[in-house]
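Observations on the model geometry
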Amino acid sequence: MTTICVAGGTGQVGREVVRLAVASGHKVSVLSRHVPPVGSKKHDDGATYFAGDVTTGDGLSAAVAGADVVIDCLEGQFGKAQKQFADGGGRLLTAARLAGVPRAVALSIINCDLSSSAYYASKAAKERKYAESSLQTVVVRATQFHGLVAMVFAAGAKVRLVPTFRGVSFQSISPVDVAAALLQAALDDLEPDKHRMLTISGPQALTMRQMAESWKSTTGARGKIIQLPFPGPMGDFLRAGLNLTAEQPYGKETFVYWLEKRGESL
Ligand SMILES: NC(=O)c1ccc[n+]([C@@H]2O[C@H](COP(=O)([O-])OP(=O)(O)OC[C@H]3O[C@@H](n4cnc5c(N)ncnc54)[C@H](OP(=O)(O)O)[C@@H]3O)[C@@H](O)[C@H]2O)c1
């Protein structure tokens, strides 16, 4: 049995890591600002929850105490949270080091260091914190989640349009598959190298149009599929295919399987 602290263990990916780790017989502590109520979908009865905030450092030492490994599934998407994202990771690593935790694994985004978008730059800055840490660290870079693409479609469908971006494909992955990769990285036999980085992708590379057609037929949503330009650094990143990888796919759950599993109908 390994003792695992999942930072951000109430989030989209984090809660899958918690569920998988508990089901595999590990001892799990969870760090997030809000402790989820018992019985809610964010709460797993087999885990212990700690309230803490990586931007202030409050509650971190209690959450990481006794852990063999920390898995960082934190997010900081907008504004101040985005600006503080990398430093928050640094604070978590410091708390882990002071508690004698030997290893930390962080979730990041494929090729985030190759984009000039502020959001991706914050991910790359956190990756550097992990690379520079004295702990043994693994950064797992994932492709975009299925839910991100579905969210774009669902937003447009409210006005009967299903937007796709010209020249853009995705190799999206499910949170369950990402969680499995993070747990594997946390438990793998120690390798001689102190810092490792790996990239994981979903099982299929699909054009956004193909995904929109699947999304419509699976969810029953109505709306005309339209093509839009995607300006700015994120558009450049996606059109250049920097969100895709030629590496063997890690994920098993396809976009359609993930949609069907959610049972979403619109
Ligand atoms: N979306 C994608 O397509 C994609 C693709 C590849 C990688 N990723 C990366 O995957 C990571 C996880 O994404 P996700 O969608 O699972 O995130 P999420 O659902 O937003 O979950 C974030 C988690 O972090 C916690 N948290 C946020 N701020 C915190 C703080 N200051 N202190 C302590 N806990 C805090 C949240 O709980 P509280 O709010 O209660 O604190 C929650 O548990 C992100 O770094 C993201 O960039 C995303």
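Report on the accompanying structure. (Residues numbered from 1 in each chain as written. Predicted model: local features only at pLDDT ≥ 70, side-chain atom pairs only at ≥ 80, totals over all residues.)

Looking now at the overall build of the protein chain. Each helix and strand counted, the protein chain has ten helices and eleven strands in total. Expressed as lengths along the three principal axes of its C-alpha atoms, the size of the protein chain is roughly 55 × 40 × 35 Å. In the protein chain, buried positions account for 43% of the 266 residues. (Helix = DSSP H or I, 4+ residues; strand = E, 2+ residues; numbered from the N terminus. Buried ≥ 20, exposed ≤ 12 C-beta atoms within 10 Å, placed from the backbone.)

Looking now at the nonpolar core. Looking at soluble globular proteins, one finds that nonpolar side chains tend to be buried together. One finds Val70, Ile71 and Leu182 to be the most contacted residues of the largest nonpolar core, which totals 53 residues. The leading source of residues in this core is helix α7 (residues 175-187), at seven residues. With near-sequence residues (within four places) excluded, valine 70 lies in contact with Cys5, Ala7, Val64, Leu92, Ala96, Val101 and Ala104. Counting 18 residues, the second largest nonpolar core, distinct from the first, contains Phe153, Val162, Phe170 and Trp215. (Core = buried A, V, L, I, M, F, W, Y, C linked by C-beta atoms within 7 Å. Contact = placed C-beta atoms within 7 Å.)

Let us now look at the site of the ligand. Taken together, 26 residues surround the ligand, and among them Gly8, Gly11, Gln12, Ser32 and Arg33 come closest. Elements with a contribution of two residues or more to the shell around the ligand: β2 (27-32) and β5 (103-109). For the shell around the ligand, a count of residues per class yields ten nonpolar, twelve polar and four charged. (Near = placed C-beta within 6 Å. Nonpolar A, V, L, I, M, F, W, Y, C, P; charged D, E, K, R; others polar.)

One key point about sheets: their strands pair by backbone hydrogen bonds, in either a parallel or an antiparallel sense. Across the sheet, seven strands lie side by side as β3-β2-β1-β4-β5-β6-β9; this open sheet has parallel pairing. Both outer strands of the open sheet, β3 (47-51) and β9 (195-200), are each paired with one neighbouring strand and no more. For this sheet, the mean angle separating the axes of adjacent strands, direction not counted, is 20 degrees. As paired elements, strand β4 (residues 69-72) and β5 share four bridges and run parallel to each other. When the bridges of β5 are listed, isoleucine 71 appears paired with valine 105. (Pairing = 2+ DSSP bridges. Axes fitted to C-alpha atoms, helices over the stretch in contact; angles between N-to-C directions.)

What follows concerns helix α6 (residues 146-157). Taking 1.5 Å as the rise per residue, α6 with twelve residues should run 16 Å; its terminal C-alpha atoms sit 17 Å apart, in good agreement. Among the residues making up α6, those that are buried are His146, Val149, Ala150, Phe153, Gly156 and Ala157. Projection of α6 onto a plane perpendicular to its axis shows the buried side chains occupying an angular sector of 125 degrees, all on one side. The outward face of α6, more than 90 degrees from its buried face, is lined by the exposed residues Leu148, Met151 and Ala155. Elements in contact with the buried residues of α6: β7 (161-165), β8 (169-170), α8 (208-219) and α10 (255-262). (Expected span 1.5 Å × (residues − 1). Arc of directions from axis to C-beta.)

Time to look at unusual backbone geometry. If you check the backbone angles, asparagine 111 has positive phi at about 55 degrees while not being a glycine. Relative to the helices and strands, asparagine 111 is located in the loop between β5 and α5 (118-132). For arginine 160, which is not a glycine, the phi torsion comes out positive at approximately 60 degrees. Mapped onto the elements of the fold, arginine 160 is located in the loop between α6 and β7. A count of 10 C-beta atoms within 10 Å places arginine 160 in the exposed class.

Let us look at the environment of valine 256. Relative to the elements of secondary structure, valine 256 occurs in helix α10. Look at valine 256 and you get partly exposed, because 16 C-beta atoms sit within 10 Å. Put simply, valine 256 and aspartate 193 are 63 residues apart on the chain and 38 Å apart in space, counted from C-alpha to C-alpha. Excluding anything up to four places from it in sequence, valine 256 contacts Ser214 and Thr218.

This paragraph deals with the packing of α8 against α10. Between α8 and α10, the shortest axis-to-axis distance is 10 Å and the interhelical angle comes to 25 degrees. Judged by the angle between their axes, α8 and α10 are roughly parallel. For the pair α8 and α10, the sense of crossing is right-handed. On the side of α8, the interface is formed by Met211, Ser214, Trp215, Thr218 and Thr219, while α10 contributes Phe255, Val256, Leu259 and Glu260. Grouping the amino acids of the contact of α8 with α10 by side-chain chemistry returns five nonpolar, three polar and one charged. (Parallel < 35°, antiparallel > 145°, perpendicular 65-115°, else oblique. Left-handed = near helix turned anticlockwise from the far one by under 90°.)

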